[in-house]
Amino acid sequence: MKAMEALFSRRSIRKYTSEPVSEQSVQEILEAAMSAPSAGNQQPWHFVVIDDRKLLDRVPDFHPHSLMCREAKIAILVCGDPTLEKHSGYWIQDCAAATENLLLGIHATGLGGVWLGVYPREERVSGLRKLLTIPEHVIPFALIPVGHPAEQKPPRPDRYNQSRIHKNTW
């Protein structure tokens, strides 16, 4: 799949088949995530791959928009680690870039996923921290349920909006 095709055709997938996700696919997806740009190349991220059904089934207990975790074969939690920062405060942007790369990698490998916001919602951050025994200095940022798509969505509507573009000045 070419890069622009991947960008324009990626959709949020919330329904998954029972087919397992291969370790090779997980490795490729994580490589894509870690290829994201980061401020000063600080790479302040960690990833938790969750494939334990009992853990996935508990996520909706504290994250109200995560029912698809109960169908997903895996989920990948993107976490920020401010102790790895060279440039204070940029871990959020770096983790967002890694999350988008993760989603594009998921799509490019023929899988489906959806970005579930975690940070800065304290009940979601603390829920995932407790569920997955994440150290206090590491911050759960985004959770991405992953699986083979059991739904096909229509092409994304054209979001290009000329009125949002300014040249040189506002």
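Residues numbered from 1 in each chain as written. Predicted model: local features only at pLDDT ≥ 70, side-chain atom pairs only at ≥ 80, totals over all residues. Heavy atoms only, no water.

Q: Talk me through the overall build of the chain; I want residue IDs and the actual numbers.
A: From N to C terminus, the chain includes five helices and five strands. The N-to-C order of helical and strand elements in the chain reads α-α-β-α-β-α-β-β-α-β. Taking 170 residues into account, the globule formula puts the C-alpha radius of gyration at 15 Å, and the chain, at 17 Å, falls close to it. Counting only residues that meet the buried cut, the chain has 42% of its 170 residues in that class. Taking as baseline every contact in the chain between residues at least 6 positions apart, the subset at least 24 positions apart corresponds to 78%. On the chain, the mean spot of the 20 positive side-chain charges and the mean spot of the 19 negative ones are 7 Å from each other. (Helix = DSSP H or I, 4+ residues; strand = E, 2+ residues; numbered from the N terminus. Rg over C-alpha atoms; globule rule 2.2 N^0.38 Å. Buried < 20%, exposed > 50% of the residue type's maximum accessible area, 1.4 Å probe, protein only. Contact = heavy atoms within 4.5 Å. Lys, Arg positive; Asp, Glu negative; His and termini not counted. Charge placed at Lys NZ, Arg CZ, Asp CG, Glu CD.)

Q: Any chance you could break down the packing of aromatic side chains for me, citing the residues and the numbers?
A: Tallied over the full model, the rule gives four aromatic pairs. Between the aromatic rings of tryptophan 91 and phenylalanine 141, the centroid separation amounts to 6.0 Å while the plane-to-plane angle is 80°, which identifies the pairing as edge-to-face. With tryptophan 91 in helix 4 (residues 91–108) and phenylalanine 141 in strand 5 (residues 139–147), this residue pair connects regions lying 50 residues apart in the sequence. Exposure class is identical for tryptophan 91 and phenylalanine 141. Each is buried. Three or more aromatic residues link up through ring pairs in this structure, and these residues are Trp91, Trp115, Tyr119 and Phe141. (Phe/Tyr/Trp six-rings, centres within 6.5 Å; stacked < 30°, edge-to-face > 60°.)

Q: Account for the nonpolar core, naming residues and giving values.
A: Phe47, Ile76, Leu102, Ile106 and Val146 are the most contacted members of the largest nonpolar core, which has 23 residues in total. In terms of residue count, helix 4 provides more of this core than any other element does, six residues in total. Isoleucine 76 has contacts with Ile29, Leu30, Phe47, Val48, Val49, Leu102, Ala142, Leu143 and Ile144, leaving out every residue within four places of it along the chain. Ranked by size, the runner-up nonpolar core spans 22 residues in total, among them Ile50, Phe62, Cys69 and Val118. (Core = buried A, V, L, I, M, F, W, Y, C linked by side-chain atoms within 4.5 Å.)

Q: Quick one: what's the story with the pairing of strand 2 (residues 74–80), residue by residue and with numbers?
A: Counting buried positions over the seven residues of strand 2 gives seven, a clear majority of the element. The alternating pattern of strand 2 places Ile74, Ile76, Val78 and Gly80 and Ala75, Leu77 and Cys79 on opposite faces, both of which are buried. Where strand 1 (residues 45–50) lies against strand 2, six bridges are found, and the strand directions are antiparallel. Each residue of the ladder has a partner; that of valine 48, found in strand 2, is leucine 77. Relative to strand 5, strand 2 runs antiparallel, the two being bridged by seven bridges. Its bridge partner lying in strand 5, isoleucine 76 is registered against isoleucine 144. (Pairing = 2+ DSSP bridges.)

Q: Before we move on, can you summarise helix 2 (residues 23–34) with the specific residues and values?
A: Look at helix 2: 16 Å from first C-alpha to last across 12 residues, which is about the 16 Å you get at 1.5 Å a residue. In the core, the buried residues of helix 2 are packed alongside strand 1, strand 2 and helix 4. (Expected span 1.5 Å × (residues − 1).)

Q: Describe helix 4, and please don't skip the residues or the numbers.
A: Compared with an ideal rise of 1.5 Å per residue, which puts 18 residues at 26 Å, helix 4 spans 25 Å between its outermost C-alpha atoms and is within 8% of the ideal. Residues of helix 4 that are buried make contact with helix 1 (3–9), helix 2, strand 1, strand 2, strand 3 (112–113) and strand 5. Of the residues one or two after helix 4, glycine 110 is the one with positive phi, at around 85°.

Q: So what about a nonpolar patch on the surface? Which residues, and what values?
A: A surface patch of nonpolar side chains, about 340 Å² in accessible area, is lined by Met4, Leu7 and Phe8. Residue position: methionine 4 is located in helix 1. (Patch = residues over 30% accessible without salt bridge, like charges linked within 9 Å, V, L, I, M, F, W, Y side chains within 5 Å. Areas by Shrake-Rupley, 256 points an atom, 1.4 Å probe, with all protein chains shown as cover. Salt bridge = Lys/Arg side-chain N within 4 Å of Asp/Glu carboxyl O.)

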